[in-house]
2 protein chains.
Amino acid sequence: MRGWGGRALTSAIVSKEVPPTCHPLSAQNKLVIAPGLLSGSAGAMSGRISVGCKSPLTGGIKEANAGGQAAQVLGRLGYAAIVLEGKPKDDTLYKVFINKDGVKVLPANDLKGLGNYKTVEKAKEEFGDKIACISIGQAGEMKLGAASIACTDPELRPTRHAGRGGVGAVMGSKGVKLIVLDDTGMKMRSPKDPEAFKDANKRFVEGLRKHPVTGEGLPAYGTNVLTNVINEAGAYPTFNFKEGRFAGAAKISGETQAETEKARGGNPTHGCHRGCVIRCSGVYVDKDGNYVTKQPEYETVWAHGGNCGIDDLDAIAQLDFLDDDIGLDTIEMGATIAVAMDAGLAKFGDAQAAIELVKEVGKGTPLGRILGSGAAVTGKVFGVERVPVVKGQAMPAYDPRAVKGIGVTYATSTMGADHTAGYAVATNILKVGGDVDPLSPQGQVELSRNLQIATAAIDSTGMCLFIAFAIMDQPETFQALIDMINAFYGLNMTADDVTELGKKVLAMEREFNLKAGFTSKHDRLPDYFKNEPIPPHNVTFDVPDEDLDQVFNW
Amino acid sequence: MRGWGGRALTSAIVSKEVPPTCHPLSAQNKLVIAPGLLSGSAGAMSGRISVGCKSPLTGGIKEANAGGQAAQVLGRLGYAAIVLEGKPKDDTLYKVFINKDGVKVLPANDLKGLGNYKTVEKAKEEFGDKIACISIGQAGEMKLGAASIACTDPELRPTRHAGRGGVGAVMGSKGVKLIVLDDTGMKMRSPKDPEAFKDANKRFVEGLRKHPVTGEGLPAYGTNVLTNVINEAGAYPTFNFKEGRFAGAAKISGETQAETEKARGGNPTHGCHRGCVIRCSGVYVDKDGNYVTKQPEYETVWAHGGNCGIDDLDAIAQLDFLDDDIGLDTIEMGATIAVAMDAGLAKFGDAQAAIELVKEVGKGTPLGRILGSGAAVTGKVFGVERVPVVKGQAMPAYDPRAVKGIGVTYATSTMGADHTAGYAVATNILKVGGDVDPLSPQGQVELSRNLQIATAAIDSTGMCLFIAFAIMDQPETFQALIDMINAFYGLNMTADDVTELGKKVLAMEREFNLKAGFTSKHDRLPDYFKNEPIPPHNVTFDVPDEDLDQVFNW
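Residues numbered from 1 in each chain as written. Chains lettered and ligands numbered in written order. Predicted model: local features only at pLDDT ≥ 70, side-chain atom pairs only at ≥ 80, totals over all residues. Heavy atoms only, no water.

Asker: Explanation requested: the interface of chain A and chain B in the structure shown.
Answerer: It is common to give the size of an interface as the accessible area lost on bringing the parts into contact. Chain A puts 31 residues into the contact, and the matching count from chain B is 31 residues. For the pair chain A and chain B, the two sides together bury roughly 2500 Å², of which 56% comes from carbon and sulfur. Between chain A and chain B we count 2 salt bridges in total. Salt-bridge contacts for Lys 87 of chain A lead to Glu 385 of chain B; the nearest nitrogen and oxygen are separated by 2.3 Å. Our enumeration of links across chain A and chain B arrives at 6 residue pairs in polar contact (both at pLDDT 80 or more). Put simply, the parts of the chain that give the side of chain A that touches chain B at least two residues each are α14 (366–372), α15 (375–381) and α21 (495–515) of chain A. Ranked by residue count, the leading element in the side of chain A that touches chain B is α14 of chain A, at 4 residues. (Contact = heavy atoms within 4.5 Å. Buried area = accessible area lost by both parts, 1.4 Å probe. Salt bridge = Lys/Arg side-chain N within 4 Å of Asp/Glu carboxyl O. Polar contact = N/O pair within 3.5 Å; in protein donor to acceptor, adjacent residues only side chain to side chain. Helix = DSSP H or I, 4+ residues; strand = E, 2+ residues; numbered from the N terminus.)

Asker: When you look at the pairing of strand β6 (residues 102–107) of chain A in this model, what are you seeing that I'm missing?
Answerer: Consecutive side chains along a regular strand alternate between the two faces of the sheet. Residue and element names in this part refer to chain A. Of all the 6 residues making up β6, 0 are buried; the element is thus mostly uncovered. Pairing of strand β5 (residues 94–99) with β6 involves 6 bridges; the strand directions are antiparallel. The residue of β6 that forms the bridge with Val 96 is Val 105. Joining the antiparallel neighbours β5 and β6 is a turn of 2 residues. (Buried < 20%, exposed > 50% of the residue type's maximum accessible area, 1.4 Å probe, protein only. Pairing = 2+ DSSP bridges.)

Asker: What's the story with the relation of the copies chain A and chain B in this structure? I'm lost.
Answerer: There are two copies of the chain, and a rotation about an axis plus a shift along that axis relates them. With an RMSD of 0.0 Å, the fit of chain A onto chain B corresponds to turning through 180 degrees and sliding 0.0 Å along the axis. Between the two chains, the operation in question is that of a two-fold axis. Distance from the rotation axis, computed per C-alpha, reaches its smallest value in chain A at Pro 366 of chain A: 2.9 Å. The residues that chain A uses at the interface reappear at the interface of chain B in 100% of cases, marking a shared surface. (Least-squares fit on C-alpha atoms with pLDDT ≥ 70 in both.)

Asker: How should I be thinking about the domain arrangement of chain A in this particular structure?
Answerer: All names here are of chain A. Assigned domains within chain A: domain 1 (6–181) and domain 2 (220–391). The distance between the C-alpha centroids of domain 1 and domain 2 comes to 23 Å. Each partner contributes residues to the interface: domain 1 has 35 residues there, and domain 2 has 35 residues. Contact between domain 1 and domain 2 buries roughly 2700 Å² in total, counting both sides, with carbon and sulfur atoms accounting for 53%. Between domain 1 and domain 2 we count 3 salt bridges in total. For the salt bridge of Glu 297 with Arg 160, the shortest nitrogen-to-oxygen distance reads 2.7 Å. The interface formed by domain 1 and domain 2 holds 21 residue pairs in polar contact (both at pLDDT 80 or more) in total. (Domains from an automatic or database assignment.)

Asker: Teacher, can you tell me more about helix α13 (residues 351–363) of chain A here?
Answerer: Since one α-helical turn is 3.6 residues long, residues separated by three or four positions face the same way. Residue and element names in this part refer to chain A. When the terminal C-alpha atoms of α13 are compared, their 19 Å separation across 13 residues agrees well with the 18 Å that a helix rising 1.5 Å per residue should span. Considered for burial, the residues of α13 that qualify are Ala 351, Ala 353, Ala 354, Ile 355, Leu 357, Val 358, Glu 360 and Val 361. As for α13, its buried residues are in contact with α10 (298–304), α11 (313–326), α12 (330–342) and α14. For α13, the N-terminal capping position is held by Asp 350, with its side-chain oxygen 3.3 Å away from the main-chain nitrogen of Gln 352. Two residues or fewer past α13, Gly 364 is found with a positive phi of approximately 75 degrees. (Expected span 1.5 Å × (residues − 1).)

Asker: I would appreciate a short explanation of the nonpolar core in the present structure.
Answerer: By size, the foremost hydrophobic cluster in this structure holds 242 residues, and its most contacted members are Met 45, Phe 204 and Tyr 398 of chain A together with Met 45, Phe 204 and Tyr 398 of chain B. Excluding anything up to four places from it in sequence, Phe 204 of chain B contacts Ala 44, Met 45, Met 463, Ile 467, Ile 471, Thr 477, Ala 480, Leu 481 and Met 484 of chain B. (Core = buried A, V, L, I, M, F, W, Y, C linked by side-chain atoms within 4.5 Å.)

Asker: For this particular structure, what's the right way to read the sheet that holds strand β12 (residues 281–285) of chain B?
Answerer: Strand pairs in the sheet, formed through backbone hydrogen bonds, run parallel or antiparallel to each other. All names here are of chain B. Here we have 3 strands laid out as an open sheet, ordered β11-β12-β13, and antiparallel in their pairing. Because the sheet does not close on itself, it has two edges, and the strands there are β11 (267–270) and β13 (291–294). Strand-to-strand, the axes of this sheet are offset by a mean angle of 25 degrees, without reference to chain direction. Along the sheet, helix α9 (residues 254–264) contacts β11 and β12; its crossing angle with β12, the most-contacted strand, is approximately 60 degrees. With respect to the sheet, helix α11 (residues 313–326) is in contact with β12 and β13, its orientation differing from that of β13 by roughly 70 degrees. (Axes fitted to C-alpha atoms, helices over the stretch in contact; angles between N-to-C directions.)

Asker: Even after reading the chapter, I still don't get the environment of Gln 28 of chain A, so can you show me in this structure?
Answerer: Residues and elements named next belong to chain A. Within the element layout of this structure, Gln 28 appears in the loop between α1 (6–17) and β1 (31–35). A relative accessible area of 32% means that Gln 28 is categorised as partly exposed. Spatially, the C-alpha atom of Gln 28 lies 25 Å from that of Ala 376, the residues being 348 residues apart in sequence. Residues in contact with Gln 28, not counting those within four places in the same chain, are Val 18, Pro 19 and Cys 22.

Asker: Please explain the packing of aromatic side chains as it appears in this structure.
Answerer: Any aromatic ring pair is given by two values, namely how distant the centres are and how the planes are angled relative to each other. All names here are of chain A. Counting across every chain of the model gives 34 aromatic pairs over all chains. Taking 4.8 Å as the distance between ring centres and 40 degrees as the angle between the ring planes, the aromatic pair formed by Tyr 117 and Phe 321 counts as tilted. Placement of the pair is Tyr 117 in helix α3 (residues 116–127) and Phe 321 in helix α11, with a sequence separation of 204 residues. (Phe/Tyr/Trp six-rings, centres within 6.5 Å; stacked < 30°, edge-to-face > 60°.)

Asker: Hey, could you run me through the pairing of strand β10 (residues 176–181) of chain B in this one?
Answerer: All names here are of chain B. Most of β10 is tucked away: 6 of the 6 residues are buried. Bridging between strand β5 (residues 94–99) and β10 involves 5 bridges; their strand directions are parallel. Each residue of the ladder has a partner; that of Val 96, found in β10, is Ile 179. Taken together, the 4 bridges between strand β7 (residues 132–135) and β10 define a ladder with antiparallel strand orientation. Looking at the pairing, Ile 134 lines up with Ile 179 of β10.

Asker: Where do I start with the sheet that holds strand β1 (residues 31–35) of chain B in this structure?
Answerer: All names here are of chain B. One open sheet accounts for 4 strands, arranged β3-β2-β1-β4; its pairing is antiparallel. Where the open sheet ends on each side, the last strands, each with one partner, are β3 (61–66) and β4 (82–84). Pairwise comparison of adjacent strand axes, ignoring direction, gives a mean angle of 15 degrees for this sheet. The pairing of β1 with β4 spans 3 bridges and is antiparallel. Across the sheet, the residue bridging to Leu 31 is Leu 84, located in β4.

Asker: How should unusual backbone geometry be read in this particular structure?
Answerer: Outside of glycine, negative phi angles account for most residues, and trans bonds account for most peptide bonds. Residue and element names in this part refer to chain A. Note the cis peptide between Pro 535 and Pro 536, where omega equals 5 degrees. Of note in this structure, Asn 240 is not a glycine but carries a positive phi near 55 degrees. Its place among the elements puts Asn 240 in the loop between α8 (226–232) and α9 (254–264). Classification of Asn 240 by relative accessible area gives buried; the value is 0%. Despite not being glycine, Asn 538 shows a phi value in the positive range, around 50 degrees.

Structure representation (structure tokens):
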């Protein structure tokens, strides 16, 4: 595993050292936190941190990654990974402090029951503000299936989350509330060939600036630029995946959001970590200009918005804050609340009711614990049949019937339903990296396969996945990335080697899942996606099962 | 499927007609209710009714059977099975009335939210008392994973339940609250060869009366005769499967129970259906002689008793009544409450707290819905690692580490953890049908295999499983059973044919589960049974995985 980073490293450690049949909350599980190959260097976009474990939500292997400062700081501190093992004897909570002098594990019972924001405030009081924090909120402490792990952004706000798969519950099961990283006194990591690295990095940055998605769309509007696009495409899951277009979309679009932020004195263009040149994050403020939350991402705006019939950006921002503070995956929570709405717990469109439901999770009431356990459990407990999950994980913001490539990714990813595992939306809808008709079953398997391989590799570099738009369309930008890694490590990697790495990572993950009991039957969407057409295109998911079984047959 | 009854028929219909990947609460699932081959005849012990479907609890195929009058009455009415298909358009509740004139489906919204006892009272008011009822309580209406289906006993009390696997939730999802059977005007079913049948039946009954278990132990004390036996063997799961002996066992034993019932004017010897000659059921009354519930079975007394640290028979009887009334599997509920106690929701031994928790289910509060969803969901929602389930279904009253044969059955049964699927306790502990050391891993696979095959066959005859004690020890009693079936249908079945039938049933069930996504990895106990020794014998479950994979390799 020498020389591996990010997802390659977390998945390698988990698949080598964690018994696939162990209980995800048991001492046998491990939580692996790994920065990328170039984290801590001067390389642009190298700010993702991977979190791996056996997932309490899916029961399979999990890698969830986050932006924020943690990857860069942990990289500078010289760590390839933090591994939390075993289980505490009692219910004492701990915090871990890492700086140039080493690692300290300290009791932290005073942090019990705090949200991420207060937890980070306490960390600042104790360790100063030259730190990066990795923490869990109440949801992680309660070991809930939707619990995330928060990483702080450059302003020390716990806004960047390794959200999916309940990784926060595993951190909670290890009794660790907070990891504080302080790289004071540590230098930036230096490449083997500084000149070549600098040159490659320059070409890489130019490529990102040149591409319309990373150079214009994302900086101006953030990821929420997608609301209008996906809604227009008829692939915007509305009312718990019952319709493909939402009447209120314009009210919660990225354009409206950026305008609102600007008018109120917020900021629609912000980088979530040092070294980001895309700057797709932002700051959402209230009518009086006070900070509410970071600019909610497209998937969050969808999950808490259109999927629940809610068209109020301020309410969505409040939900985003609550999720970040309690430590919850916004996708899982939005999907869960829509299922709860189908169960009659609230009316679609009732923003205040949605806010109260998320607050329940923070309080740890029985209802809160149900919701915090995610959409699948909520569906079980309330007897709801239409629950949009694969391998127990909720589907994100693209209806798989109207963007069939992403449907293939949802169905077959080692991670459960996950758009980032092979973002076919790029080619199906945005026409990046080619053009495959989103409504046809043709060509989706190949598309998803190639993207899943590429993504597994990118996730292992620690690079932000948004570089993919530029490297898919611009071969010279892809070459610049490879040149950066080669110059940094003194390697001679080719594009084929990158593909091989991606395949190796996926193969490890598939093997873990196989040993954990997954079969081809788990590489499927719920039956209703095959039987229930979604308007406006009135399409079902019709990629044949036999084709799905070919995704990993390369 | 011509000429098949009971479990053979339910499993055949489910595996032929239900898509294995469908949602258990969807229109695609079917609820099949089938009496046995000799139900409705003069044959002794032919009172079991099988209920089959895809299980909402396990996600696999399910057959749960019950005593009571339903099988006999449905048999006389001439039905091989009732099949509930599809799904109602709205939330109207229905009742089904079947008599000599045919079938009527009637609205029954007045029964909404009623427990089984009140539901049956209403049925009596409307249809008189010459009926048998099949019904669900609030749990089934809420479609909870622990929801049972109740059948009435000869006194028209809803006390005999098809308990396991959430079959009540499937009945609820079909919108059917109640099935009323009235065989007025119908004759007993007559055999092809009445004389041979009568003779075989006589030999059969003699065999049952002669065997110490069916002739003495069960009539005198009911199934609860096992408390002292299993506790003595160190295999009595106590405090959520943490110890193998319970200090309070004597206070809740069958001996104490029968004595209490007699002293108060109850009845420890009672048949749950017409034609029963074992008479292991009974009536539990309070200090003033008022009916509380039917005599709680051993597994119920264990689940709500020792497993929760409770040693109060009156409290256990109240819990049994609540389960019957709300329509809950007593095994699943006892296991669930013990998990909830591990989660800190109540203290082990606190009977009043346990009663309040079960009442929550009836009320349909969020906490009640969690608990009513069973042990696996409760463990997930409350972050408990030690949850004694296989395939999502809770283990019954025998610790698999100290009775390893039953551990093999729990692990490998198509049904999830289920003692009745292959009752190795008989041979491991009671020394019926041979003697296999319960603490050794040797010989358990063969024992469980043979018992699972035999059980699948017996469950298909509609005979009470308790005939197994006599037919395992007394070849002439087994022959008498075969002779009965042959005389009734004009067949020439041999013992080998019976074995073949059992194998055929298991093979169908295995195939369904395979298509539903089950693998050998699901034929395992939770890891902690392999790692955590149980006192007093300090044994772990050490039957090798490779051996478990040989159970169905005949």
